[in-house]
Amino acid sequence: MVKGLFDNELRLESFHNGTNFRAYEFFGCHRISESEYVFRVWAPHAKSIKIIGLGQNGVDMVRLSDNESFEAVTLAEEGQLYAYCISTYDGREIVKADPYAFASDIPKSFYSKVVDLKKGGRYHPEIPDFGQPVNIYEVSLLSWKRHKDNSYYTYSELEKELVPYVKNLGYTHVEFMPVTEFPYDGSWGYQVTGYFAVTARLGTPAEFKSLIDAFHANGIKVILDWVPAHFPKDGWGLYEFDGQPLYECPLWDRMEHTGWGTRKFDFGRGEVDSFLLSSAAFFFDIYDVDGLRVDAVASMLYLNYDKCDGDWTPNIYGDNRNLEAIEFIKKFNTTIKDNFPHAIICAEESTAYNGVTEKIESGGLGFDYKWNMGWMNDVLFYCRQDPYFRSYHHNKITFSLVYAFSENFILPLSHDEVVHVKGSIVNKMWGEYGDKFAGERALLGFMYAHPGKKLNFMGYEIAQFKEWDFTTGIDFCLLKFEKHRKMTAFVKKLNSFYLSNKPLYEIEKSWEGFEWLSVDDSFNNVLAFSRYSKSGESITAVINFSGVDIKDYRIGIRQGRYRLVFNTDLKSFGGDGKTIRKVFTTKKIASHGKDYSISIDIPRLSCIYLKSEIY
């Protein structure tokens, strides 16, 4: 064992105990002198291991004191390829990529690559405040733009084009779909083989770090998709790594995720917990990311997720909770928050599991935010309906307020909603060509006024009609057409308005920040509600989801004067530009349970915002 024996013993002990969240500093490949590197790998069922590649015939590894891990010190050079050749006790030889490799050779080969990485540390953001605006642009780095020959934009090219694009449109955050290395493009990155390696398809780790630094220099925070629920069954990956189940759970009913054709991690096994915790910490340590969006949390929480009766075994309490996974999630959130207080941790959790964003000491899971999948499904279902029939589905756009304050929510219109024949956002909208644009603007107006932070997937901002295709870039050619250019102008203006108005983001988890004005007018397909800041300033949203203009619509509201400050029907946004009065003073005419009211004209398929001038 190389120098630092006592320190290494402590690292191994914490690794096996499941508390080593920087195991990547010990395992994998690390430079120890000008020309020498140490390689370490955990493989308790291996008979022997050789490092292959490195321009040599093979370097034998020796067992460490735990009798489960192996080590070798050898000459190597930056950029060289290597893999582990593992001999099993049943006479097989299997070749595996390094689970802790910092870079890979995909798609040329599955070999790992020697890379010497330095920690970040120059970036020290403030601890996030739930009362601050969060407006996320979700992007697939492999398919935001492509060259004419359909080759990828590199990290360096994305730095030059994606960063100013996101900055210009006024987003506060960008979220990358998984960039951890993956072999199959069609998995969109959600079947990960390299938990410490950013995909080599787009460039080097240094270039990826430069991309993140560029976002930070422009005031934009970076969130990464992270996939701790499962991994693919590629023979050279984590799958039965040393010839037997190792990273996957060995129990028959917990080993496989048949719906995805993947293996599930063995949550609660110390070494697997350390591996996953280290993967998460690595991206904060090395790349200075701002947050993680944890994928498929529901599949971790439930033993019967995507399983039929008889295909799963209840826990010791006789129910369907995966107790080990739940404890891992709590350990993960505690570890990240204790060591990276600025971290933003979001859960993609699609069930009604209680307390996803509650503090762990209060019985919750400890996430900062939860994706509001219910809101997304209900609202998009409603927007598909012909306005003539929307009155029968009015509860779809009001039901979310029954539970809106139960968690810290993000409202997602994500990549999952624009694939598999679901239609793009604009193409989900009812009606003819112009109606669809109006419908998207009204939807976004409703979304930005609704409690919860915002997330939208690339392509919506140009009203792309084609579904997202991971094999090509989005259709920026559409910007040759006026309607699409004006949709982009609308999105930019809406983003700016959101950032400038505290009522839209300051109080998200309390009725103190929200008041229904017109909630049950299913006949007219109209909604009206007010959002409030801590100082009492208000923004009132009025949305006409019907297919006809509505004249003199009376809304009960707090006494005062209100100014029209945003209107999705403007000609500059691609709307009809119907005339609407700019200032409204309440009259003592009772409506919607209030003593005072205003009367307003609301164009069809539109959303308008009124700002209180006296409060």
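Please refer to the structure placed before this passage.
Residues numbered from 1 in each chain as written. Predicted model: local features only at pLDDT ≥ 70, side-chain atom pairs only at ≥ 80, totals over all residues. Heavy atoms only, no water.

Student: Break down the nonpolar core for me, citing the residues and quoting the values.
Tutor: If you look at the biggest cluster of nonpolar residues, it comprises 176 residues, and the most contacted ones within it are Phe-39, Leu-141, Phe-176, Tyr-195, Tyr-247 and Phe-332. It is helix 4 (residues 270–285) that contributes the most residues to this core, nine residues altogether. When neighbours within four sequence positions are excluded, Tyr-195 is seen to be in contact with Pro-99, Thr-180, Trp-226, Val-227, His-230, Phe-231, Leu-238, Phe-265, Phe-275, Leu-276, Ser-279 and Phe-283. Judged by nonpolar contacts, the second largest core, of 17 residues, contains Tyr-553, Leu-564, Ile-598 and Ile-608. (Core = buried A, V, L, I, M, F, W, Y, C linked by side-chain atoms within 4.5 Å. Buried < 20%, exposed > 50% of the residue type's maximum accessible area, 1.4 Å probe, protein only. Helix = DSSP H or I, 4+ residues; strand = E, 2+ residues; numbered from the N terminus. Contact = heavy atoms within 4.5 Å.)

Student: Give me the pattern of salt bridges: which residues, what numbers.
Tutor: Taken as a whole and judged by the stated rule, the model has 42 salt bridges. Notably, a salt bridge pairs Asp-7 with Arg-11, separated by 3.4 Å at the nearest N-O pair. Of this pair, Asp-7 and Arg-11 are both found in helix 1 (residues 5–17), four residues apart, which corresponds to roughly one turn of the helix. Note that Asp-378 and Lys-396 form a salt bridge whose closest N and O atoms lie 3.7 Å from each other. You can see Asp-378 sitting in helix 7 (residues 373–384) and its partner Lys-396 sitting in helix 8 (residues 395–398), a full 18 residues away along the chain. Through salt bridges with shared partners, a single network forms among Lys-233, Glu-240, Glu-248, Glu-256 and Arg-263. (Salt bridge = Lys/Arg side-chain N within 4 Å of Asp/Glu carboxyl O.)

Student: Tell me about the packing of helix 2 (residues 155–169) against helix 3 (residues 205–217), and please be specific about residues and values.
Tutor: In contact at an axis separation of 9 Å, helix 2 and helix 3 are set at 15° when each is read in the N-to-C sense. When the axis of helix 2 is compared with that of helix 3, the two are roughly parallel. In the crossing of helix 2 with helix 3, the sense of the turn from one axis to the other is right-handed. Along its contact with helix 2, which presents Tyr-155, Ser-156, Leu-158, Glu-159, Leu-162, Val-163 and Val-166, the element helix 3 presents Glu-207, Phe-208, Ser-210, Leu-211, Ala-214 and Phe-215. Along the lines of polarity and charge, the residues of the contact of helix 2 with helix 3 split into nine nonpolar, two polar and two charged. (Axes fitted to C-alpha atoms, helices over the stretch in contact; angles between N-to-C directions. Parallel < 35°, antiparallel > 145°, perpendicular 65-115°, else oblique. Left-handed = near helix turned anticlockwise from the far one by under 90°. Nonpolar A, V, L, I, M, F, W, Y, C, P; charged D, E, K, R; others polar.)

Student: Can you explain the pairing of strand 2 (residues 36–42)? Please cite residues and give values.
Tutor: Extensive coverage of strand 2 is indicated by the burial of six of its seven residues. Strand direction decides the pairing type here: strand 1 (residues 28–31) and strand 2, joined by four bridges, are antiparallel. Each bridged residue has a counterpart across the sheet, and for His-30 the counterpart in strand 2 is Val-38. Between strand 1 and the antiparallel strand that follows it, strand 2, lie four residues. In this sheet, strand 6 (residues 69–75) lies alongside strand 2 in antiparallel orientation, the contact comprising seven bridges. Paired with Val-38 across the two strands is Val-73, which belongs to strand 6. (Pairing = 2+ DSSP bridges.)

Student: I'd like a rundown of a nonpolar patch on the surface, residues and numbers included.
Tutor: The grouping of Tyr-388, Phe-389 and Tyr-392 at the surface amounts to a nonpolar patch, some 440 Å² of accessible area in total. Mapped onto the secondary structure, Phe-389 falls in the loop between helix 7 and helix 8. (Patch = residues over 30% accessible without salt bridge, like charges linked within 9 Å, V, L, I, M, F, W, Y side chains within 5 Å. Areas by Shrake-Rupley, 256 points an atom, 1.4 Å probe, with all protein chains shown as cover.)

Student: So what's going on with the sheet that holds strand 6? Which residues, and what values?
Tutor: Strand order in the open sheet made by the four strands is 1-2-6-5, with antiparallel pairing throughout. Because the sheet does not close on itself, it has two edges, and the strands there are strand 1 and strand 5 (62–63).

Student: Describe in detail helix 12 (residues 482–500), supporting the description with residues and values.
Tutor: With 19 residues, helix 12 extends 27 Å from end C-alpha to end C-alpha; this agrees with the ideal 27 Å at 1.5 Å per step. If you check which residues of helix 12 are buried, you get His-484, Met-487, Thr-488, Phe-490, Val-491, Leu-494, Asn-495, Phe-497 and Tyr-498. (Expected span 1.5 Å × (residues − 1).)

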